[in-house]
Amino acid sequence: MGILGLFFAVFIACAAAAEFPFPLQEAHNVELTQDYDYIIVGGGATGCALAATLSENFRVLLLERGGSPYNNPLLMRVENFFLGFLDDGAQNFVTTEGVANARGRVLGGGSSINAGFWDRAPASEIAQLGLDPVKANTSYTWAENAIVSLPVLGPFQSAFHKGLVEVGVTPDLGATYEHFVGTKTGGSLYDSNGQRRPSSNLIAAYANATNLQVVLHATVTKVQFDDGLSKPTAIGVEFVDELGQIHAAFLKADERSEVILSASAIGTPHLLMMSGVGPAEHLKQKGIPVILDLPVGKNIADNPATRLYVPSMSPVEPALVQVAGITPFGSYIEALSGVQNLQGSVIFQKVVGPKSTGEVLIDSMDIRQNPSVTFNYYKDPEDLQICVGGLNVIEELLLSKSMTPFVNGMQAMPSGNILGLPIRKFYPKEMIDMALGAYCKANVGTMWHYHGSCRVGQVVDAQFKVLGTEQLRIVDGSVFDFCPGTNPQATFIMTGRYMGVEITSRRLTS
Ligand SMILES: Cc1cc2nc3c(=O)[nH]c(=O)nc-3n(C[C@H](O)[C@H](O)[C@H](O)COP(=O)(O)OP(=O)(O)OC[C@H]3O[C@@H](n4cnc5c(N)ncnc54)[C@H](O)[C@@H]3O)c2cc1C
Ligand SMILES: *[C@@H]1O[C@H](CO)[C@@H](O)[C@H](O)[C@H]1NC(C)=O
Ligand SMILES: *[C@@H]1O[C@H](CO)[C@@H](O)[C@H](O)[C@H]1NC(C)=O
């Protein structure tokens, strides 16, 4: 690189860095004050919202294993969504059933590598979570004001929205953050210039920089317990930096201080098990001293998504998920279009819930490696039935008037028919459904919505405190026993804010 190149590189780095007006520290040269009211593990979707909120009143240490997304166009630009999987900010893995998946490994977590779609949970799900609907609303709005907006649709997404309405996914809900049965255009983390707004922007918008230390490249290897007390009590954590040096961070000696795990539905159970909290049998097999026997990692779930690649006859704008068809029977239909400027779309149906669950188990003894993850996609016949229903809607959608410019007559339909030949209607429904069921299983993929590995009543109480321990809580997708909304990040981020407000108000009024 010549002098001029160097000048521009420095200039660009400074200009990009200026976009994030909050100090970020590196683990290898961090100075720890060891007086923390809260140590949060994981600066992901939920963890950033929680850290920003708790820092309004308390000393907070946020430890994130990845780096910063802010100077990195592969993560920050909408047109690079698929290239983002090649970046260090994504940790790819394959489930035991052979489905490719990914985890965020960067500040912002999943919200720094995801498709950006924003859908609140419906009122029934807020009630099921035991949350106060008015407080939940306030928490959604807190995040939306800083990082969400409604997109203007291009021709494909617009036709997709109209087509869903045309085939009966009604009413037409227009553009809204809220979730009802019908077809909606939802919110997005991407702004109108295609720039991502990860949940870590909530730190820049709301956190108190005097109270919050954000440390990058800090991989937490262990929660430290004092087990001389009546219950194992979290007192701090151990973490490793990218040079391999080990550090220890400690809570202030105050029984209200807490270690809070926000390392995701995969990272949180993994860390708990590596720390000695998990299924005793499994920990013994791995040679880990058992501190507490709990069903950590059991019942993790991911919403099966079955997809269809649809080449188009006319140009398609690059767009990630912007529209959702919300059917009354629990299938959510969404589409990515013009990916990497390819002329076509990927249309998905995703199953609500789901009913099928699996497990997370330790594989390597190095926590930086992925654990073994099983989801048992479509094991429960109800999940499969919902997929069949969703694919029936997608087949009708492909034949709709609105979608005509964006399909090709040679399209292979999931039922085995060709789009251009009007023979589908001559087959008995049972035959079509059987073919669609086989297609669901053969073409299962993920929308990366894993959750439920540390459920309420099994691993945590209603306040998300880890059962049988003191000063240890989980606030992330692990505690959800279903995936909220069509896509979960809105509700995970809302929960980070909500729990931050709850913890603060309980502590300040006690
Ligand atoms: C490719 C992709 C596309 C998606 N698209 C959408 C979408 O369009 N809409 C939507 O709503 N949802 C989407 N999601 C899902 C959404 O991003 C996740 O549900 C959400 O990010 C999960 O939030 P979380 O806080 O539970 O975990 P994460 O956001 O995953 O955060 C966990 C954080 O903890 C860190 N961590 C883990 N272990 C450790 C450790 N030991 N020490 C320190 N740090 C650690 C991780 O690096 C990460 O930053 C998508 C996800 C992916 C991967
Ligand atoms: C939550 O906010 C939405 C949108 O502003 C509103 O329609 C809804 O009635 C609110 N719900 C409650 C319980 O306040
Ligand atoms: C930030 O925290 C410090 C230390 O607790 C406090 O003095 C200051 O008033 C806070 N700033 C804001 C804007 O709340």
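Residues numbered from 1 in each chain as written. Chains lettered and ligands numbered in written order. Predicted model: local features only at pLDDT ≥ 70, side-chain atom pairs only at ≥ 80, totals over all residues. Heavy atoms only, no water.

To keep it simple, the criterion reads: UniProt positions are given in the numbering used here, feature names are shortened, and annotations may be inferred rather than shown by experiment.
Naming follows an unreviewed UniProt entry, where the chain appears as Glucose-methanol-choline oxidoreductase N-terminal domain-containing protein of Selaginella moellendorffii. What UniProt states about the chain under its Sequence similarities (unreviewed entry) heading is, verbatim, "Belongs to the GMC oxidoreductase family."

What about the packing of aromatic side chains?
We count it as follows: The pairing test for Phe, Tyr and Trp rings, Trp by its six-membered ring, is centres within 6.5 Å, and the orientation test on the planes gives stacked under 30 degrees, edge-to-face over 60, and tilted for anything in between. Each helix is a run of DSSP H or I of at least 4 residues and each strand a run of E of at least 2, with the numbering of both proceeding from the N terminus. Three labels apply to residues, based on accessible area from a 1.4 Å probe with only protein chains included: buried if under 20% of the type maximum, exposed if over 50%, partly exposed otherwise in between.
Inspection of the entire model under this criterion finds 14 aromatic pairs. Geometrically, the ring pair formed by Phe 156 and Phe 160 is stacked, given 6.0 Å between the ring centres and 15° between the ring planes. With Phe 156 and Phe 160 both in helix 6 (residues 155–166), this residue pair falls four residues apart, about one helical turn. Neither residue differs from the other here; Phe 156 and Phe 160 are each classed as buried. Judged by centre distance (4.8 Å) and plane angle (50°), the ring pair of Phe 480 and Phe 492 falls under tilted. Of this pair, Phe 480 sits in the loop between strand 25 (472–474) and helix 12 (489–509) while Phe 492 sits in helix 12, placing them twelve residues apart in sequence. A single burial state applies to Phe 480 and to Phe 492, both of which are buried. One aromatic cluster is present, formed by Phe 81, Phe 82, Phe 85 and Trp 448 through successive ring pairs.

So, the site of ligand 3
Selection criterion: For each residue, the test is whether any non-hydrogen atom lies within 4 Å of the molecule or strand; if one does, the residue is near. Polar contact is defined as a pair of N or O atoms within 3.5 Å, subject to the rule that within protein one atom must be able to donate a hydrogen and the other to accept it, and that residues adjacent in sequence are counted only when both atoms are side-chain atoms.
As a structural note, the neighbourhood of ligand 3 is formed by Asn 208, Thr 210 and Asn 211. A distance of 2.3 Å is found between an oxygen atom of ligand 3 and a side-chain nitrogen or oxygen belonging to Asn 208.

Examining the site of ligand 1
Rules: Computed with a 1.4 Å probe, the accessible areas rest on the Shrake-Rupley method; for each residue, only the protein chains presented here act as cover.
In the neighbourhood of ligand 1, 36 residues make up the surrounding shell, with Thr 46, Glu 64, Arg 65, Val 220 and Gln 489 lying closest. Here an oxygen atom of ligand 1 sits 3.0 Å away from a polar atom, N or O, in the side chain of Asn 114. In this structure, Gln 489 approaches ligand 1 through a main-chain N or O atom, which is 2.8 Å from an oxygen atom. Taken by itself ligand 1 offers 1000 Å² of open surface, and the protein chains cover 97% of this. Residue assignment for the shell around ligand 1 shows that the elements contributing at least two residues are helix 2 (45–54), strand 5 (100–104), strand 11 (219–226) and helix 12.

Observations concerning empty space enclosed by the protein
Definition in use: A 1.4 Å probe that fits but cannot get out identifies a cavity on a 1 Å grid over protein atoms alone, an open set with protein on both sides within 12 Å along at least five of seven lines counts as a pocket, and a residue lines either if it has an atom within 4 Å of a point. Grid points are joined across faces, edges and corners, and a volume is the space filled by probe spheres set on the points. Side-chain classes are defined by residue name, with Ala, Val, Leu, Ile, Met, Phe, Trp, Tyr, Cys and Pro counting as nonpolar, Asp, Glu, Lys and Arg as charged, and the others, Gly among them, as polar.
With the rule as written, the count across this model stands at one cavity of 30 Å³ or more. Estimates place the volume of the largest cavity at around 30 Å³. Around the largest cavity sit Leu 129, Leu 131, Phe 464, Phe 480 and Thr 495, which together line it. Among the residues forming the lining of the largest cavity, the class breakdown is four nonpolar, one polar and no charged.

Here's the deal with the environment of Leu 283
The condition is simple: Here, two residues are considered to be in contact whenever any of their heavy atoms come within 4.5 Å of each other.
Considering the arrangement of structural elements, one finds Leu 283 in helix 9 (residues 280–285). In sequence terms Leu 283 and Phe 20 are 263 residues apart; their C-alpha atoms lie 41 Å from each other. Apart from the residues within four sequence positions on either side, Leu 283 is in contact with Met 273, Gly 276, Val 277, Gly 278, Ile 288, Val 290 and Ile 362.

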